[in-house]
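Each chain is listed here by its residues.
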Protein chains: 2
Amino acid sequence: MARVSIKSIAEVLGVSTATVSLVLNGKEKEGRVSKDVAEKIRLKAKEMHYEPNNLARGLRMGCSQTIGLIVADISNLFFANLAFHIQEHAEKYGYSVIITNTNESDLKLEKMVNVLKSRQVDGFIIVPTEHGMPYVETLVKRNIPTVLVDRNFAEIKAGAVVVDNYHASAKAVKSLIRQGCRNIGLIIYKSRLQHMRERKRGYIDAITEHGFYNPDFVKEINYSTISNDIPIAIESLLLKENRIDGIFFATNTLSMLGIKQLMNMNRRIPEDLKVVCFDKSDAFDFMDIPIPYIFQPLPEMGRIAVELLVEQIKEPSGERKCVELQASLVNSPVNN
Amino acid sequence: MARVSIKSIAEVLGVSTATVSLVLNGKEKEGRVSKDVAEKIRLKAKEMHYEPNNLARGLRMGCSQTIGLIVADISNLFFANLAFHIQEHAEKYGYSVIITNTNESDLKLEKMVNVLKSRQVDGFIIVPTEHGMPYVETLVKRNIPTVLVDRNFAEIKAGAVVVDNYHASAKAVKSLIRQGCRNIGLIIYKSRLQHMRERKRGYIDAITEHGFYNPDFVKEINYSTISNDIPIAIESLLLKENRIDGIFFATNTLSMLGIKQLMNMNRRIPEDLKVVCFDKSDAFDFMDIPIPYIFQPLPEMGRIAVELLVEQIKEPSGERKCVELQASLVNSPVNN
DNA sequence: CTGAAAGCGCTTACAG
DNA sequence: CTGAAAGCGCTTACAG
């Protein structure tokens, strides 16, 4: 069963491929194709089960109607949700999404950028890795539509949609202070990425403002050795610095493992110490009391990422917008 | 900055595009291209930052090195994990993965099959919807490589990789019986899909074997009204049939919501009643006691799905294998 | 060892 | 209103 192409339809009907193409793309007005020819073509196309070949179309048009999405790890709930919303919106614009993982490796980011480029994606939505700036920069310099999400590189002016991590973090810490915490630990990744730096800065500034800052209370975890590092960090916070009465976890994975460790050590939340987490985890539903967390507007982030990218695709040399969204504090016993 | 193609390299070097293509694809042996010409071409390609155009290649070769993955919902942890492993393996074979969601809608399944077909994917990995069989059947009949995963349609012989849901379910129920449960509820989706039918059948057979079967203990939930149905189902199980001493949850979403409801009603696990869940949820880590659950070998499922698909792509008219994996019971206080 | 040419399926000026 | 033709970038017989 040979593939049915525009040519086969044209031959059967004794018309030119140009006419068939025009009709099948709804451009019969422009080509001013007669109504009956158009009707005949549409019927025959259906009858022959014509299916357009987007590869050929893409080659000819110089665009693929495909978006390349690069995230750290699609099996992480945060990125999975983000990917979901990006996809739903991309679909509305007629784009398909190719999703790839970096697992936070700069090498894989480079590789994935190349893979997606060779697939002629019309644009990139990227959650960059720690030292991934050069690869993103190359894209931007070549005017390839690119939107960063979750983490921005302010130095290069790619498009971006991020959360105001600084104020979100400060908000979290202040809520702990307002609950009476004085010695507040921070569990965060050791990372040069902007969102981590901002979360740390938000924590430090908010705490310093109240005169409670102590560098020993900041524990920086290595992404690659996380399950090992977390218990050590928590133990050190609680045992050595046993005045700790609150902990701010800077990501959902960190909170998951951290809270687990707190439970292992029989610390009760919020009696023994209070916590706030960045991002929700399903697990919070199972806790006896509601766990306060910073809520990032994921559906919005996905939508805006797609919208910014589509704008760039339309006008590759136009200015690239950077959108910052506010995150909210949920489940906190104190008002904001 | 014009795109650099094989042609531009050929022109600069004064050789033919055929030679360039041969060299860049490592087929210089076949074409018996001289070493120095080959070397010159490789150097110039690097120098000009040549990047192959996979669209053109795909059009010419009749394949795209792309796999279409259709899942119910990429933001569900089960599918997100599955997608992760599928991707990692696809990459090894040089395939990219386009992921799309159906949200359990048959209409969207049909649409996504068409979208992916027009993108000339070389094969499909599909988590089918309840009434999605016709769309899958069309693919199979046309000899388009297709592997079903998680849920099989036994009637059509697509390739498939599934878990032995029947025995997994029976195993779960028997573990409850061995712990002394006599009145065991089942919370399951109302669905004609094979995996659900099998899980229900496994439950019924295992329970009947011990003479404890009571149809009132089976609560079938509608996917679309789940957050409403679950509390009602649990309440009805516990209040009307208050001899209930165990519950088997047939999916992770059902267990999440179900256990939450049990906690709302102040039922303690396992003192007041015992539970077993299908699939792990992150939340289990936060429970005071370990929650027993059926573990599906996701990494294996992903790997095998890709392997089966690659086999089919190599030999589209060959026999399509169907692999059934065993799931294990984790965290149960009784041995298996 | 290398080149000229055809063709994958499509769209788009151009000509009539 | 419609057709002939070029060309997107690639690969692959074919010829020499």
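Residues numbered from 1 in each chain as written. Chains lettered and ligands numbered in written order. Predicted model: local features only at pLDDT ≥ 70, side-chain atom pairs only at ≥ 80, totals over all residues. Heavy atoms only, no water.

Let's talk about the overall build of chain A
The helix and strand tally for chain A stands at 13 helices and 12 strands. At 26 Å, chain A has a C-alpha radius of gyration far larger than the 20 Å of a compact globule built from 336 residues. For chain A, the C-alpha atoms occupy an extent of roughly 85 × 40 × 35 Å along the three principal directions. Within the span of chain A, comprising 336 residues, buried residues form 55% of the whole. Intrachain contacts of chain A at a sequence separation of at least 6 include 68% that bridge at least 24 residues. Split by element, the accessible area of chain A, about 15000 Å² in all, is 50% carbon and sulfur. (Helix = DSSP H or I, 4+ residues; strand = E, 2+ residues; numbered from the N terminus. Rg over C-alpha atoms; globule rule 2.2 N^0.38 Å. Buried < 20%, exposed > 50% of the residue type's maximum accessible area, 1.4 Å probe, protein only. Contact = heavy atoms within 4.5 Å. Areas by Shrake-Rupley, 256 points an atom, 1.4 Å probe, with all protein chains shown as cover.)

Some remarks on the packing of helix H1 (residues 6-13) of chain B against helix H2 (residues 17-24) of chain B
Residue and element names in this part refer to chain B. Here H1 crosses H2 at 115°, and the two axes come no closer than 8 Å. Comparing their axes, H2 and H1 come out roughly perpendicular. The hand of the H1/H2 crossing is right-handed. Every residue of H2 that contacts H1 at Ile-6, Lys-7, Ile-9 and Ala-10 is listed here: Thr-17, Val-20, Ser-21 and Leu-24. For the contact of H1 with H2, a count of residues per class yields 5 nonpolar, 2 polar and 1 charged. (Axes fitted to C-alpha atoms, helices over the stretch in contact; angles between N-to-C directions. Parallel < 35°, antiparallel > 145°, perpendicular 65-115°, else oblique. Left-handed = near helix turned anticlockwise from the far one by under 90°. Nonpolar A, V, L, I, M, F, W, Y, C, P; charged D, E, K, R; others polar.)

What about the pairing of strand S3 (residues 123-126) of chain A?
Residues and elements named next belong to chain A. Going residue by residue along S3, you find Gly-123 and Ile-125 tucked away on one face and Phe-124 and Ile-126 tucked away on the opposite face as well. In the sheet, strand S1 (residues 66-71) pairs with S3 via 4 bridges, with the strands oriented parallel. Across the sheet, Ile-70 pairs through a bridge with Ile-126, a residue of S3. For S3 and strand S4 (residues 146-149), the ladder comprises 3 bridges, and the chain directions are parallel. Residue pairing across strands places Phe-124 opposite Thr-146, the latter belonging to S4. You can see the chain leave S3, run along helix H8 (residues 133-141) and come back into S4, and the turn it takes is right-handed. (Pairing = 2+ DSSP bridges. Right-handed = clockwise from strand over helix to strand, strands pointing away.)

Regarding helix H4 (residues 35-47) of chain A
Residues separated by three or four positions in an α-helix point in the same direction, a consequence of the helix having 3.6 residues per turn. All names here are of chain A. Taking 1.5 Å of rise per residue, 13 residues should cover 18 Å, and H4 covers 18 Å from first to last C-alpha, within 8% of that figure. Three or more residues of H4 are buried, namely Ala-38, Ile-41, Lys-44 and Ala-45. Seen end-on, H4 carries its buried residues on one side only, within an arc spanning 135°. For H4, exposure combined with an orientation more than 90 degrees from the buried face picks out Lys-35, Asp-36, Leu-43, Lys-46 and Glu-47. In the segment just after H4, His-49 is the residue with positive phi, at about 55°. (Expected span 1.5 Å × (residues − 1). Arc of directions from axis to C-beta.)

What to know about the packing of aromatic side chains
For any two aromatic rings, the description comes down to two numbers: the centre-to-centre distance and the angle of the planes. Residues and elements named next belong to chain A. According to the stated counting rule, one finds 8 aromatic pairs over all chains in the structure shown. Measuring from ring centre to ring centre gives 6.4 Å for Phe-248 and Phe-278, while their planes differ by 45°; the resulting arrangement is tilted. With a gap of 30 residues between them, Phe-248 in strand S8 (residues 246-249) and Phe-278 in strand S9 (residues 274-278) connect regions that are remote in the sequence. Given the relative accessible area of 0%, Phe-248 is considered buried. Judged by its relative accessible area of 0%, Phe-278 falls in the buried class. The ring of Phe-278 has Arg-199 sitting right over it, with the charged end atom 3.6 Å from the ring centre. (Phe/Tyr/Trp six-rings, centres within 6.5 Å; stacked < 30°, edge-to-face > 60°. Lys NZ or Arg CZ within 6 Å of the ring centre and 35° of its normal.)

Brief notes about the relation of the copies chain A and chain B
The operation relating chain A to chain B is a screw motion whose rotation component is 180°, with 0.0 Å of axial translation and a residual RMSD of 0.1 Å. Look at the turn and shift together and you get a two-fold axis relating the two. In terms of C-alpha distance to the rotation axis, chain A has Ala283(A) as its closest residue, with the C-alpha 1.8 Å off the axis. (Least-squares fit on C-alpha atoms with pLDDT ≥ 70 in both.)

Points about the sheet that holds S8(A)
All names here are of chain A. An order of S7-S6-S8-S9-S10-S12 is seen for the 6 strands of this open sheet, with the pairing classed as mixed. Both edges of this open sheet fall to strand S7 (218-221) and strand S12 (328-330), since each of them pairs with a single strand only. Between one strand axis and the next, the sheet turns through 20° on average, direction left out of account. In the sheet, S9 pairs with strand S10 (residues 293-295) via 2 bridges, with the strands oriented parallel. Counted as the bridge partner of Cys-277 is Tyr-293 from S10. Taken strand by strand, helix H9 (residues 165-178) contacts strand S6 (184-189), S8, S9, S10 and S12, and its axis lies near 165° from that of S9. In the packing of helix H11 (residues 226-240) onto the sheet, the strands contacted are S6, S7 and S8, and the crossing angle to S7 comes to about 170°.

So, the nonpolar core
Nonpolar side chains in soluble globular proteins generally cluster together in the buried interior. Among the nonpolar cores identified, the biggest contains 162 residues, and Ile187(A), Tyr203(A), Ile247(A), Ile187(B), Tyr203(B) and Ile247(B) are the most heavily contacted of them. For Tyr203(A), the contacting residues outside a window of four places in its chain are Ser169(A), Val173(A), Ile184(A), Gly185(A), Leu186(A), Tyr213(A), Phe217(A), Val218(A) and Phe248(A). Membership of the second largest hydrophobic core comes to 38 residues, among which are Val136(A), Leu116(B), Ile144(B) and Phe153(B). (Core = buried A, V, L, I, M, F, W, Y, C linked by side-chain atoms within 4.5 Å.)

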